[in-house]
Amino acid sequence: MAKRPCPSSDFPINAVTVTSTTTTTTPLSQMDQLLDTFLSLTDSSPSLSLDLSFERLIDSSPSDSHQSILIDRARKLGSLLLEAGNRSARKRASIHNSYAWALPSDLTIKVFSMLDTQSLCYATATCSMFHKCALDPSCYENVDLTTDVPKINNTVVYTMIKRAGKALRSLKLGIVPGPITSNGSSEALVYTISGDATSFSWYGKKTRQGKESSILTRSCLSSLSGDSGAAGSSLTRLHLYNVERIDNVSLHAALKACPSLLDLEIVGLHVELRHTLASVSANCHSVERLFFESSKTGRDDSLKSPTCVDFVNNCPNLSSLALRGFKLHDNKVRILVKGFRQLRHADFSTSYSITGTFLRNLGNCAAGDLLEVLNLRDCMHLKEGEVARFLTSVIAGDFKYLRHIDMSNREGLASEGDWYERCYSSSIIPWKKVTEERPNICLLAEFPSEASFINVEEMIDSDLEFSISSQLSSDPSDGPFLLYSSESSYNSDHGSGNEGEDSGI
C-alpha cells in the first residue's frame, strides 16, 4: 500500500487551494475523492481532533512564513467550502420549491401581480424562485408606497419604478396619517402635528445619520422621466401625500413625464393651486379625476380666472374635481363647474371664500345638471340664503342626477348681512322638504348647537375683562384664547373676497 504523502508536501496543499493551475492539472475524479475524504473527517473525528491535527501541522512547518501560508490556505478553503455549501443548499431548496409549489412561473407572476407592494417585497425575499418571479415588470403595475410614518426614501421609489418600467400604471407615494377617505368624505388627509403643515419637520426626531434615510426629496419622481420617459409615459394614476419637499418645479417635471394621466391626487404638498392647474392643463389633457387638498388652508389665493379657462379648455374629460382648503371665489368656481361638461363630482369643502352664489341657475345648464355629488362642507362664508335658493331649485327638479349633498358647517352658515352672524337652525332652508321630494338624495346638514358659539357682542364687559386678565396671568403655554369651541383656521381674513363679485354673477 502506498505511503500517504506528508502534509508538508506540495501536492495536498496545492490540490485544495483555488488556483488556475491546480484546477486544470488535478483530475476531477481525484479532486472528488479528496474532497469526499476531507468531508468524511467531520463525521469520524471530533472537532477537537481536527484542531489538534491542524496545530501539529502548523508546528511541523519549517518556518513562520510557511505557517502563515498554511493558515491562509485553511481560511480560503473554509470560506470556499462554506460558499459552495450555501450555494448548493439554495439550489436544492429551489429545486424542492419548484416541485412543492404547484403553480408554474406564469401563474405565480399573475398571483404576485395581485399583491400589494409590501407583500410583494416579502415574497421577493422568500427564495430565489419567488425572487425571480417577483422581478417581472407586470408585478409592479400598481406601486403603493404610502406609509403612516416617514420610512420611504428616493432609492426605494427609484427601484420600484425601475422594476416596473413601461408596465407602471399606478403610483401612490407619501405619508397618509389614516385610512384614505372616499370621495364623499371631507376628512382632511394633510399630515400635521400642530395643525399647520408648515410647522412639521422630520428632522427634530432623527439623528444626523438617519435624517436623509427616510426622506423623500424634490427629485423623488425624477425616475418617471428616465429612459426617455418610459415609466411615466404609461402612468394613469398618481397619488402624492404630504411629500413636503416637492415644489412647483419638481411637480411640473413629474406631470410633464405623465401625459396619459387619468387620476391625480395631491394632498399636503407645498405647491400653489395656480401652478398646479397650469401644469395639469399643459401636460395631462386626458385627466378625468383631480383631487387637490391644500397644505395651507384658506391662504392660497393664487388661482386666476385665465388659469381656470385654460384648465377647462385643455382637460375636457374631467368628471371629478375636488379643490379643498383653497381661497376660491365664486366666479372662478362657476367657471370650473359650468365649463366641465362631464363633471359629476364637485368637492370644494373647507374652501374659504365661497358664498354659494356660483350655484345660481347652475341646474339649468348642461354641465350643472349632470352633477351627482356636491360637497361644500365647512365653507366658512357659505350663506344661508344661497343654500336655501339652491335647495329650492333641487326641489323644483333641477340637478336631476344629484345623489349626495353636504352643506354641513362646524361654525354654522353665514347670514346674508354679516358673516359673523352664524345660522345653526335656519327656518328658510327647506331641509325636510328636500328629503320628501327627492328621497334618493343623501343630504348632510350637520351644525353645532347655538350654545357652542360665543357671540362677542353679547359678552358682558366684566366677563371679558376677567377672561383677558386670566389669560395675561396664566402661563403662555396654556394656549391662545379661543372665541369658538371648534377649531378654525380662517381667522386671518374677515371677508370672503366675493363682495365685489356677487353682483356680476
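Just above, that's the structure.
Think of each chain on its own: its residues are numbered from 1, step by step along the sequence as written. Given that this is a predicted model, residues contribute local features only at a pLDDT of at least 70 and side-chain atom pairs are listed and counted only at 80 or more, while totals for whole chains, interfaces and linings are drawn from all residues. Working from all heavy atoms in the structure, the side-chain values ignore hydrogens and water.

Student: What am I meant to see in the sheet that holds strand 9 (residues 404–406) here?
Tutor: Each strand in a sheet pairs with another by means of backbone hydrogen bonds, the pair being arranged parallel or else antiparallel. If you walk across this open sheet you meet the 10 strands as 1-2-3-4-5-6-7-8-9-12, and the pairing is parallel. Since the sheet does not close on itself, it has two edges, and those belong to strand 1 (142–147) and strand 12 (442–444), each with one partner. Taking each pair of neighbouring strands and ignoring which way they run, the sheet shows an average axis angle of 5°. When DSSP finds at least two bridges between two strands, those strands are taken to pair. Here a strand is any run of E in DSSP of at least two residues, a helix any run of H or I of at least four, and the numbering for each starts at the N terminus. Where strand 3 (residues 237–241) meets strand 4 (residues 263–267), 5 bridges bridge the pair, whose relative direction is parallel. Bridging across to strand 4, Leu240 finds its partner in Ile266. Lying on the sheet, helix 9 (residues 154–164) is in contact with strand 1 and strand 2 (170–175); it crosses strand 1 at an angle near 165°. Here an angle of 0 to 180 degrees is reported between the N-to-C directions of two axes, which are lines fitted to C-alpha atoms, with helices fitted over the stretch in contact. By the convention used here, residues are in contact when the closest approach between their heavy atoms is within 4.5 Å.

Student: How should I be thinking about a nonpolar patch on the surface in this particular structure?
Tutor: A cluster of nonpolar side chains, namely Leu35, Phe38, Leu39, Leu41 and Leu50, defines an oily patch on the protein surface of about 390 Å² accessible area. Residue contributions to the nonpolar patch peak at 4 residues, all from helix 3 (residues 28–44). Secondary-structure assignment places Leu50 in helix 4 (residues 47–59). Note on patches: the residues involved have over 30% relative accessible area and no salt bridge, like charges join within 9 Å, and the nonpolar side chains Val, Leu, Ile, Met, Phe, Trp and Tyr join within 5 Å. All accessible-area figures derive from a Shrake-Rupley calculation using a 1.4 Å probe, and residue coverage is judged against the displayed protein chains alone. Salt bridge, as used here, is a side-chain nitrogen of Lys or Arg placed within 4 Å of a carboxyl oxygen of Asp or Glu.

Student: Just to check I follow, could you spell out helix 16 (residues 384–395) for this structure?
Tutor: The α-helix advances 3.6 residues per turn, and as a result positions three or four apart in sequence lie on the same side. Here helix 16 is 12 residues long and its end C-alpha atoms lie 17 Å apart, about the 16 Å a rise of 1.5 Å per residue gives. For every residue, the accessible area (1.4 Å probe, protein chains only) is compared with the maximum for its type, and the residue is labelled buried under 20%, exposed over 50%, or partly exposed between those bounds. Those residues of helix 16 lying buried are Glu384, Gly385, Glu386, Val387, Ala388, Phe390, Leu391, Ser393, Val394 and Ile395. In this structure, the buried residues of helix 16 make contact with strand 8 (373–375), strand 9, strand 10 (413–414), strand 11 (422–423) and helix 17 (431–437). One or two positions beyond helix 16, positive phi appears at Gly397, with a value near 115°. Helix span, expected: 1.5 Å multiplied by one less than the number of residues in the helix.

Student: Help me out: how do you make sense of the pattern of salt bridges in this one?
Tutor: Two side chains that carry opposite charge are able to pair once their charged atoms sit near each other. Under the defined criterion, the tally for this structure stands at 12 salt bridges. Between Arg324 and Glu293 there is a salt bridge; the shortest N-O distance is 3.8 Å. Taken together, the residues Arg324 in strand 6 (residues 320–324) and Glu293 in strand 5 (residues 289–293) connect sequence positions 31 residues apart. Of the two residues examined, Arg324 and Glu293, each falls in the buried class. Among the ionic pairs, Arg377 bridges to Glu446, the shortest N-O distance being 3.3 Å.

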